[in-house]
Each structure stands twice: as C-alpha cells, then as structure tokens.
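Here's the letter readout for the chains.
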Amino acid sequence: MKVSWRLTIAALTLLLLLLPAHLGAAQEDSGEILVIDANGPVAPAMAEYIQRGIRTAENREAGLLIIRLDTPGGALDTLNQIVQDMRASNVPIAVYVAPRGAIAGSAGTVITVAGHVAAMAPDTVIGAASPVGGSGEDLESTIEAKLKEALRAQVRSLMEGRPPEAIALAEDTIETAKAVTASEALAAGMIDLVAVDLQDLLRQLDGRDVRMPDGATVTLQTAFAEVDELGPTLIEQMLAILTDPNIVFLLLTIGVQAVLIELGSPGGWVAGTVGAVSLSLAAFGLGFLETNLLGLVFLVISFILFILDIKAPTHGALTTAGVIAFIVGALVLFNSPGTPTFARVSVPLVVASGGIMGAVFAVVVAF
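Bear in mind the structure is a predicted one, so any value in this text is a computation, not a measurement.

Cut-offs and rules
- Residues numbered from 1 in each chain as written.
- Predicted model: local features only at pLDDT ≥ 70, side-chain atom pairs only at ≥ 80, totals over all residues.
- Heavy atoms only, no water.
- Helix = DSSP H or I, 4+ residues; strand = E, 2+ residues; numbered from the N terminus.
- Contact = heavy atoms within 4.5 Å.
- Areas by Shrake-Rupley, 256 points an atom, 1.4 Å probe, with all protein chains shown as cover.
- Pairing = 2+ DSSP bridges.
- Axes fitted to C-alpha atoms, helices over the stretch in contact; angles between N-to-C directions.
- Phe/Tyr/Trp six-rings, centres within 6.5 Å; stacked < 30°, edge-to-face > 60°.
- Buried < 20%, exposed > 50% of the residue type's maximum accessible area, 1.4 Å probe, protein only.
- Patch = residues over 30% accessible without salt bridge, like charges linked within 9 Å, V, L, I, M, F, W, Y side chains within 5 Å.
- Salt bridge = Lys/Arg side-chain N within 4 Å of Asp/Glu carboxyl O.
- Parallel < 35°, antiparallel > 145°, perpendicular 65-115°, else oblique.
- Nonpolar A, V, L, I, M, F, W, Y, C, P; charged D, E, K, R; others polar.
- Right-handed = clockwise from strand over helix to strand, strands pointing away.

Chemist: What's the story with the overall build of the protein chain in this structure? I'm lost.
Modeler: Helix and strand counts for the protein chain come out as 14 helices and eleven strands. Considering only contacts in the protein chain between residues 6 or more positions apart, those separated by 24 or more positions represent 70%. For the protein chain, the exposed surface amounts to about 17900 Å²; the carbon and sulfur share of it is 64%.

If you want it as structure tokens, here you go:
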C-alpha cells in the first residue's frame, strides 16, 4: 500500500514537472499572433497600416494576423489595394469586426470577407456596400451597373466555398445596400463566427483549419500563442489626420487667412510660409476625400473678394461677401447631398471659422 502511494506521488510529481515544458513547447509551436486596429474610413492611411501589419507578420513568421475592423467604408481603389495585399499574405488573416457597436460598412464588407477567417462581435453590423460617386452622389446607370457587377464578382471570388445563401447575401449588400447584424451574417454563413472579445475569438479559432489562397491548409494554434498589438506609426497617424475633413477645412482656413495677411502686409515671410504649407497640406487631403469640387469655385471667389477689399476698401462689403462665399464654398465642398457622414465637415466649425476669418481680416485691412 505504501509503495503504491509512493509510486502515485512520484508519477504526479513527474507529470507536474513535464507539464510546463509541454505547454511551453505548444506555445512555441503556435507562433505569435499580431493584432492591428483598422479604424476609420478606408483611406491610404489604413491601406499603409494594413500593408505594414501583413509585412511585419510575415517577417516575424507569425501564426495569425488579426485585423480588428471598424469602418464606414471608403474609396474603391484603396479597397482593391487592401484586398490584394490580404490575399497575397503568407500569414493567415482573421478580420474581426469589433468592438460592440462597430460597423463593416461599404468597403469594410469586402475587407471582412477577404480575410481567411471572418468574425464579428455582437451588436455589430456589416453591409451597405453599394458603390457611390466621388462626392457621394448616385452613379450614372451604366457606370453603376459596371461597378456593382465588378464588386459582386470580386465578392463571389473571395467567398468561394461558402454557402450559396452567404454569397447571395453578400451580393445583396452591393446590389440593394442591404445591411445585417452579426447573428444574421453568421446564420447565412457570410462570416465564420461571432466572438464577444479577443480572448473569445482566440478560443474559438484554436484548432481551426484555414485554407490559404495557394490551396494549402493551415491549422491555427491560438490557445497558448503570444499576442502582440501593432499600433500605427507617426507617419500613418499624420496621414489619417490629413484625410479628416475637419482638419482639411481648418488647413484651408488657416492657409487662406495667412496668405491674405501676407498680401495685406507684404514684406514678411512667416504668414506667407504658413499659408503656403497649410494650403499644400489641405490640397493633399482633398485628393483623398469625397468632395464636390464646385465648392472650390466659391472658395476662389471668396479669396478674390478679400483681395479686392485690400486694393479697394469698401467699408467691409466685399469682406462680408467673401465670408459668405467662403462658408458656402466649404459646405458645398464637403457637405453636398449624398456625401457619407464620415466625410462631412462640422457646420458650426465652418460658420465659426468664417466669422473669425472675417473679423481678423477686417482688423488687418483697418491697419
């Protein structure tokens, strides 16, 4: 009896000694998991960030890259670049629409189904992927038909192997701008799973077989993997800031005001330099935003009115007209009907900036 107990205790001791080594080996074999947060419009900043995340995951030989997605949508050319980078990845990619309340809207729908695994958190939404024009307007029928057909074909290719109901639902998000909840997308087979949080996602992914674009099958080992979050670089953050419509508008305001000050009091260089830099950065941001370029006409008119008031003072009449033209131009430029909410500029910000510009310019003219 004593010998039996001794053998049992010895066996348990040996098992406890070997267990950490076994777990460590399992953790080492599972590979690192890299997590990136793709938030905001689908714009060049997001494309650069995702591309760097994929490259980093490949260099580290990570076992999985998780893209935590929350986007209202964005440009089609940027979307195509992101999808191409994702499908060329040597590392499995899981797109996780999170946290609760997040959305994979428009281009975000295609990014989600482009992942090797598509997942969503509860209370999230996917869909409304119908293409629109550069200013948010409805497209001409022929162009709309071509873009929709191309997007549907792209989605069918990305969702190959999923149930017919899932592919039909994905095509409906493009054809009729349909949007569905996480549970509805899961029921149709459009996504693979619903996870409460990152830990729940890793638990459900453990042991899952993933088919790569080259036909190879990879078994995910996420139970003991080390998780590392990769944040955006300073350059990527600056790029995201320069594509914010409110920031672009402020740069336009500062640029115009600085140039007018330089024209009103020539001989200095600070105001002129600030104005040139601000207008250059604003022009860069405008190149990536969905804007109505008719608004630039009003902005140019306001600029001309301000200059005329410097050359031929009219007791503020031209300045007032210039302020009105500036406000109208900004609203037409950024807030035309049909422009997505994320691409719109704050109306109170436009009105307040126009008023401040008029007051400052009046003081400059008076001096």
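Chemist: Help me out: how do you make sense of the sheet that holds strand β4 (residues 103–105) in this one?
Modeler: Sheet strands line up and pair through hydrogen bonds in the backbone, either parallel or antiparallel. Spatially, the three strands line up as an open sheet ordered β4-β6-β7, and their pairing is mixed. On the outer flanks of this sheet lie β4 and β7 (179–181), each paired with one strand and no other. The sheet shows a mean angle of 20° between the axes of neighbouring strands, taken without regard to direction. By the bridge criterion, three bridges tie strand β6 (residues 125–127) to β7 in an arrangement that is antiparallel. Directly across from Gly127, in β7, lies its bridge partner Ala179. With respect to the sheet, helix α4 (residues 107–114) is in contact with β4 and β6, its orientation differing from that of β4 by roughly 105°.

Chemist: Explanation requested: the packing of aromatic side chains in the structure shown.
Modeler: How two aromatic rings sit relative to each other is set out by the distance from centre to centre and by the angle between their planes. In total, this model carries one aromatic pair according to the counting rule given. With centroids separated by 5.8 Å and ring planes inclined at 40°, the aromatic side chains of Phe249 and Phe326 adopt a geometry described as tilted. Taken together, the residues span a long stretch of sequence, with Phe249 in helix α10 (residues 245–264) and Phe326 in helix α13 (residues 317–334) at a distance of 77 residues. A residue is classified by how much of its surface remains accessible, and Phe249, at 1% relative accessible area, is buried.

Chemist: Just to check I follow, could you spell out a nonpolar patch on the surface for this structure?
Modeler: On the surface, a nonpolar cluster with roughly 480 Å² of combined accessible area is contributed by Leu250, Ile254, Trp269, Val270 and Val274. With respect to the helices and strands, Val274 occurs in helix α11 (residues 270–286).

Chemist: Hey, could you run me through unusual backbone geometry in this one?
Modeler: Trans peptide bonds make up the majority, and among non-glycine residues the majority have a negative phi. Backbone torsion omega between Ala98 and Pro99 reads 0°, so that peptide bond is classified as cis. Within the element layout of this structure, Pro99 appears in the loop between β3 (93–97) and β4. Residues other than glycine seldom take positive phi values, yet Ala177 does so here, at roughly 60°. When you line up the elements, Ala177 lands in the loop between α6 (164–175) and β7. For Ala177, a relative accessible area of 36% gives the class partly exposed.

Chemist: Mind showing me how you'd approach the packing of helix α2 (residues 44–59) against helix α9 (residues 234–241) here?
Modeler: Between α2 and α9, the least distance of the axes is 8 Å, while the angle of their chain directions is 155°. Considered as vectors, α2 and α9 are oriented roughly antiparallel to each other. Where α2 approaches α9, its residues Pro44, Ala45, Glu48, Tyr49 and Arg52 are matched on the opposing element by Glu236, Leu239 and Ala240. Considering only residue class, the contact of α2 with α9 consists of five nonpolar, no polar and three charged.

Chemist: Would you explain the pairing of β3 in this entry?
Modeler: One face of the sheet, then the other: side chains in a regular strand alternate in exactly this way. For β3, a buried count of five out of five residues is recorded, marking the element as mostly surrounded by other parts of the structure. In this structure, strand β2 (residues 64–70) lies alongside β3, joined through five bridges in parallel fashion. Paired with Leu69 across the two strands is Val97, which belongs to β3. For the handedness criterion, the β-α-β arrangement of β2, helix α3 (residues 76–87) and β3 is classed as right-handed. Of the strand pairs in this sheet, β3 and strand β5 (residues 117–120) are connected by four bridges, and their pairing is parallel. Counterpart to Val97 in the pairing with β5 is Met120.

Keep in mind these values describe shape, not function.
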